[in-house]
Amino acid sequence: MDQKLVREITKLVTDLVRDERKRQFKNEQTWRVKNTRLLLKNYDILKEHSKDIDTDIDRYLKDVFNQDDLKLRSVVGYKARTNKMMEYTDLMLQAYKDYAKKRDLTVQRRYFVIQNMYISPQKWTFMKIADYFDVSEKTIKRDQKEAIQEFSIFLFGIVSLEEMVS
């Protein structure tokens, strides 16, 4: 093969590898934001699911069930993991709140959107929040999207931050 053909093949392979990496990166980014949105959307259900869970799985197994009952271990394990995940989520919500307090009104409004649409017992609508802040519903919808992306950084750390910058 001549040099020109080798260079063309090399460039083609390099471009294909770069495109594949971008696609994988985009999929991971979408996955994190999607999971953050799902976590927030199901916050109440997950909190209720993990409420009053004793994370000492062996206590359940010794008191009630045979040690070989792996299904129970799995179910209790799911609840215990959910409990830990919700503790972490609440910790990150507090960190996001503290962050928002130190920022401008737009960031504070985005935190307010997350708090009142997903976390508080009385769920607010886009319209109610828009009226409260005297802005359009479109602004609140944009705030919701940006707030979920910001909160994703609190949940997933530097990986999410790198994705937002790219």
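See above for the structure.
Residues numbered from 1 in each chain as written. Predicted model: local features only at pLDDT ≥ 70, side-chain atom pairs only at ≥ 80, totals over all residues. Heavy atoms only, no water.

Participant: Run through the overall build of the protein chain, naming residues and quoting values.
Facilitator: On a plain count of helices and strands, the protein chain comes out with eight helices and zero strands. Along the protein chain, helices (α) and strands (β) appear in the sequence α-α-α-α-α-α-α-α when read from the amino end. Residues counted as buried form 31% of the 166 residues belonging to the protein chain. When contacts within the protein chain are restricted to residue pairs at least 6 apart in sequence, those whose partners lie at least 24 apart make up 62%. (Helix = DSSP H or I, 4+ residues; strand = E, 2+ residues; numbered from the N terminus. Buried < 20%, exposed > 50% of the residue type's maximum accessible area, 1.4 Å probe, protein only. Contact = heavy atoms within 4.5 Å.)

Participant: With reference to specific residues and values, describe the packing of helix H5 (residues 105–119) against helix H6 (residues 126–133).
Facilitator: The angle between the axes and the distance between the axes are what describe a pair of packed helices. For the pair H5 and H6, interaxial distance at closest approach is 11 Å and the crossing angle is 145 degrees. Where H5 crosses over H6, the two elements pack in a sense that is right-handed. Note on element contacts: H6 touches H5 through Phe126, Ile129, Tyr132 and Phe133, opposite Arg109, Phe112, Val113 and Met117. The residue makeup of the contact of H5 with H6, split by class, is seven nonpolar, no polar and one charged. (Axes fitted to C-alpha atoms, helices over the stretch in contact; angles between N-to-C directions. Left-handed = near helix turned anticlockwise from the far one by under 90°. Nonpolar A, V, L, I, M, F, W, Y, C, P; charged D, E, K, R; others polar.)

Participant: Outline the packing of H6 against helix H7 (residues 137–156), listing residues and values.
Facilitator: Taken N-terminus to C-terminus, the directions of H6 and H7 make an angle of 110 degrees; their axes are 8 Å apart at the nearest point. Classified by the angle their axes make, H6 and H7 are roughly perpendicular. Between H6 and H7, the residues in contact are Phe126, Met127, Ile129 and Ala130 and Glu137, Ile140, Lys141 and Gln144, respectively. Along the lines of polarity and charge, the residues of the contact of H6 with H7 split into five nonpolar, one polar and two charged. (Parallel < 35°, antiparallel > 145°, perpendicular 65-115°, else oblique.)

Participant: Describe the environment of lysine 97, listing the residues and the values that go with them.
Facilitator: Counting through the fold element by element, lysine 97 comes out in helix H4 (residues 70–101). By relative accessible area, lysine 97 is classed as partly exposed at 29%. Residues lysine 97 and phenylalanine 112, spaced 15 residues apart in sequence, show a C-alpha to C-alpha distance of 8.6 Å.

Participant: Explain unusual backbone geometry to me, using residue names and the numbers behind them.
Facilitator: A positive phi angle, near 55 degrees, is found at aspartate 134, a position not held by glycine. Relative accessible area serves as the criterion here: at 70%, aspartate 134 is assigned to the exposed category.

Participant: Quick rundown of the layout of surface pockets? Include the residues and the values.
Facilitator: Any empty space left between atoms is shown by rolling a water-sized probe over those atoms. Here the largest pocket defines a volume of roughly 210 Å³. Elements with a contribution of two residues or more to the lining of the largest pocket: helix H1 (3–41), H4 and H7. Looking at the lining of the largest pocket, the element that brings in the most residues is H1, giving five residues. When its residues are assigned to classes, the lining of the largest pocket shows eight nonpolar, three polar and no charged. (1 Å grid on protein atoms, 1.4 Å probe; cavity = no way out; pocket = protein on both sides within 12 Å on 5 of 7 lines; lining within 4 Å. Points joined across faces, edges and corners; volume = space filled by probe spheres on them.)

Participant: Quick rundown of the packing of aromatic side chains? Include the residues and the values.
Facilitator: The full count for this structure, using the stated rule, is eleven aromatic pairs. With a centroid separation of 6.3 Å and 20 degrees between ring planes, the pair formed by tyrosine 96 and tyrosine 99 is classed as stacked. One end of the pair is tyrosine 96 and the other is tyrosine 99, both in helix H4 and three residues apart, which spans about a single turn. You can call tyrosine 96 buried: its relative accessible area is 0%. Residue tyrosine 99 is classed as partly exposed on the basis of its relative accessible area of 27%. When the ring of phenylalanine 112 is compared with that of tryptophan 124, the centres are 5.2 Å apart and the planes differ by 85 degrees; the resulting orientation is edge-to-face. (Phe/Tyr/Trp six-rings, centres within 6.5 Å; stacked < 30°, edge-to-face > 60°.)

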